[in-house]
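Chains, contacts and geometry: an overview
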Amino acid sequence: GLCCGSLLALAGKKVLISEAHSQPGGVAHSFNIKGYKFESGPSLWSGIGRWPTTNPLGQILKLLDEKVELIKYRGWHVSFPEGDFNLEVGQEPFKKRINLLRGARSVEEWNSFMSEIKPLSQIVSEIPLLSSSPETMNFLEIIKLSSKFLPNINLLPKLNGGFGDIVDNHLKDPFLRNWVDLLSFLISGMPMHDTNSAAMATLFDEWFEPESYLEYPKGGSESIVKALVNALKKNGGELILSSKVEAINFNKNIASGVT
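A brief structural summary. Predicted, not measured: the structure shown is a model, and the values here were computed from it.

To continue, consider unusual backbone geometry. That bond from W51 to P52 is cis: its omega, 5 degrees, falls within 30 degrees of zero. Inspection of the secondary structure assignment puts P52 in the loop between strand 3 (36–39) and helix 2 (56–64). One non-glycine residue, D65, lies in the positive phi region at around 60 degrees. Assignment of secondary structure puts D65 in the loop between helix 2 and strand 4 (70–73).

This is how it looks when you write it as structure tokens:
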């Protein structure tokens, strides 16, 4: 909602965002206890601080000319029922960890899973979110874009589906399923069946590149929210909180307001 509203405001539209919650940010919330800040939604970030990037949020922040101070890191400590360990970002370190914890068969499952994800990641990386829109694309751009998608046209429906459907087809090991479910929550604030496949395909594409790293916005996800709200307001948009929309009002089939 904040991304959509801030882009519309940038385009010169009259924008009002009605937020049901008492604070903006959707599932990206944090709370403080005894001086410590805890994230209650998305908390894994990557592809925001570099350019070019395939990360849609990174592209939107660039377009809005909003900068967020980031802390880079290449690994983190994991506490799971299956083990306590440090894990580096990247495909090979994770596969070594799977082999240690679960054995060769689980590594084969993971390889099968990743072979399904790779073409989806390639499709996402080819989508020029900032350089084109349906209103401005010319015929040559459409032909060029189509030529990239046609070889994988049958995969496009999967990008709009829940990521859990792909997981169900490839992963049986409970550790691997729980791991992907965790990643989905850390990316979207929702379990894997409710997380968009395109978002997860983007994540895996970024993570498994050589020299990949993770980013954390200084101040937490709240910093991302503040940047989007600032972009909305500086371009004339308005945000009202604790304002749940009961109905969209229409006048001759044209939306005229909200109740």
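Continuing now.
Here we come to the packing of helix 3 (residues 91–102) against helix 8 (residues 174–188). For any two helices packed against each other, one specifies the crossing angle of their axes together with the interaxial distance. Here helix 3 crosses helix 8 at 140 degrees, and the two axes come no closer than 11 Å. The angle between helix 3 and helix 8 falls in the class oblique. Contact with helix 3, carried on its side by F94, I98, L101 and R102, involves P174, F175, L176 and W179 of helix 8 and no other residues of that element. Along the lines of polarity and charge, the residues of the contact of helix 3 with helix 8 split into 7 nonpolar, no polar and 1 charged.

This paragraph deals with empty space enclosed by the protein. Applying the stated criterion across every chain, the model contains 1 cavity of 30 Å³ or more. If you add up the space inside the largest cavity, you get close to 70 Å³. If you trace the largest cavity, you find it lined by W76, L87, E88, V89, G90, F94, W110, W179, L183, W207 and F208. Taken together, the elements giving at least two residues each to the lining of the largest cavity come down to strand 6 (83–88) and helix 8.

This part covers the nonpolar core. Here is a general trend for soluble globular proteins: nonpolar side chains tend to be buried in one another's company. Core analysis: the biggest nonpolar cluster contains 32 residues, and F94, W110, F113, F163, W179, V180 and F204 have the highest contact counts within it. For this core, the elements supplying multiple residues, two or more each, are strand 5 (75–80), strand 6, helix 3, helix 4 (104–126), helix 7 (163–170), helix 8 and helix 9 (197–207). No other element matches helix 4, which puts 7 residues into this core.

Summed over the entire model, instances satisfying the criterion amount to 9 aromatic pairs. Between the aromatic rings of F113 and F163, the centroid separation amounts to 5.8 Å while the plane-to-plane angle is 65 degrees, which identifies the pairing as edge-to-face. Placement of F113 in helix 4 and of F163 in helix 7 is noted, with a sequence separation of 50 residues between them. Neither residue differs from the other here; F113 and F163 are each classed as buried. Judged by centre distance (6.5 Å) and plane angle (25 degrees), the rings of F175 and W179 are stacked. Of this pair, F175 and W179 both sit in helix 8, 4 residues apart, roughly one helical turn. Across the pair, exposure class does not vary: F175 and W179 are buried alike.

The next thing to look at is the pairing of strand 2 (residues 30–33). Two elements, strand 2 and strand 3, share 4 bridges in a ladder whose sense is antiparallel. From the neighbouring strand, I33 faces strand 3, where its bridge partner is Y36. Between strand 2 and the antiparallel strand that follows it, strand 3, lie 2 residues; K34 among them carries a positive phi value of about 50 degrees.

Here we take up the packing of helix 1 (residues 2–10) against helix 10 (residues 221–234). One way to put it is that helix 1 packs onto helix 10 with a least axis distance of 8 Å and a crossing angle of 30 degrees. Taken together, the axis directions place helix 1 and helix 10 in an arrangement best described as roughly parallel. Here helix 1 and helix 10 pass one another in a crossing that is left-handed. For the pair helix 1 and helix 10, contact is made by L2, C3, G5, S6 and A9 and by V225, L228, V229, A231 and L232, respectively. Class assignment for the residues of the contact of helix 1 with helix 10 results in 8 nonpolar, 2 polar and no charged.

This part is about the pattern of salt bridges. Any two side chains of opposite charge can pair, on the condition that their charged atoms come close. Enumeration according to the criterion identifies 8 salt bridges in this entry. Of the charged contacts, one joins E69 and K218 as a salt bridge, the two residues approaching to 3.7 Å between their closest N and O atoms. One end of the pair, E69, is in the loop between helix 2 and strand 4; the other, K218, is in the loop between strand 7 (214–217) and helix 10, and 149 residues separate them in sequence. Of the residues examined, K218 reaches a relative accessible area of 48% and is grouped as partly exposed. When the shortest N-O distance is used, the salt bridge between K95 and E92 registers 3.8 Å. Taken together, the residues span about one helical turn, with K95 and E92 both in helix 3 at a distance of 3 residues.

Definitions and limits used
Residues numbered from 1 in each chain as written. Predicted model: local features only at pLDDT ≥ 70, side-chain atom pairs only at ≥ 80, totals over all residues. Heavy atoms only, no water. Helix = DSSP H or I, 4+ residues; strand = E, 2+ residues; numbered from the N terminus. Axes fitted to C-alpha atoms, helices over the stretch in contact; angles between N-to-C directions. Parallel < 35°, antiparallel > 145°, perpendicular 65-115°, else oblique. Contact = heavy atoms within 4.5 Å. Nonpolar A, V, L, I, M, F, W, Y, C, P; charged D, E, K, R; others polar. 1 Å grid on protein atoms, 1.4 Å probe; cavity = no way out; pocket = protein on both sides within 12 Å on 5 of 7 lines; lining within 4 Å. Points joined across faces, edges and corners; volume = space filled by probe spheres on them. Core = buried A, V, L, I, M, F, W, Y, C linked by side-chain atoms within 4.5 Å. Buried < 20%, exposed > 50% of the residue type's maximum accessible area, 1.4 Å probe, protein only. Phe/Tyr/Trp six-rings, centres within 6.5 Å; stacked < 30°, edge-to-face > 60°. Pairing = 2+ DSSP bridges. Left-handed = near helix turned anticlockwise from the far one by under 90°. Salt bridge = Lys/Arg side-chain N within 4 Å of Asp/Glu carboxyl O.

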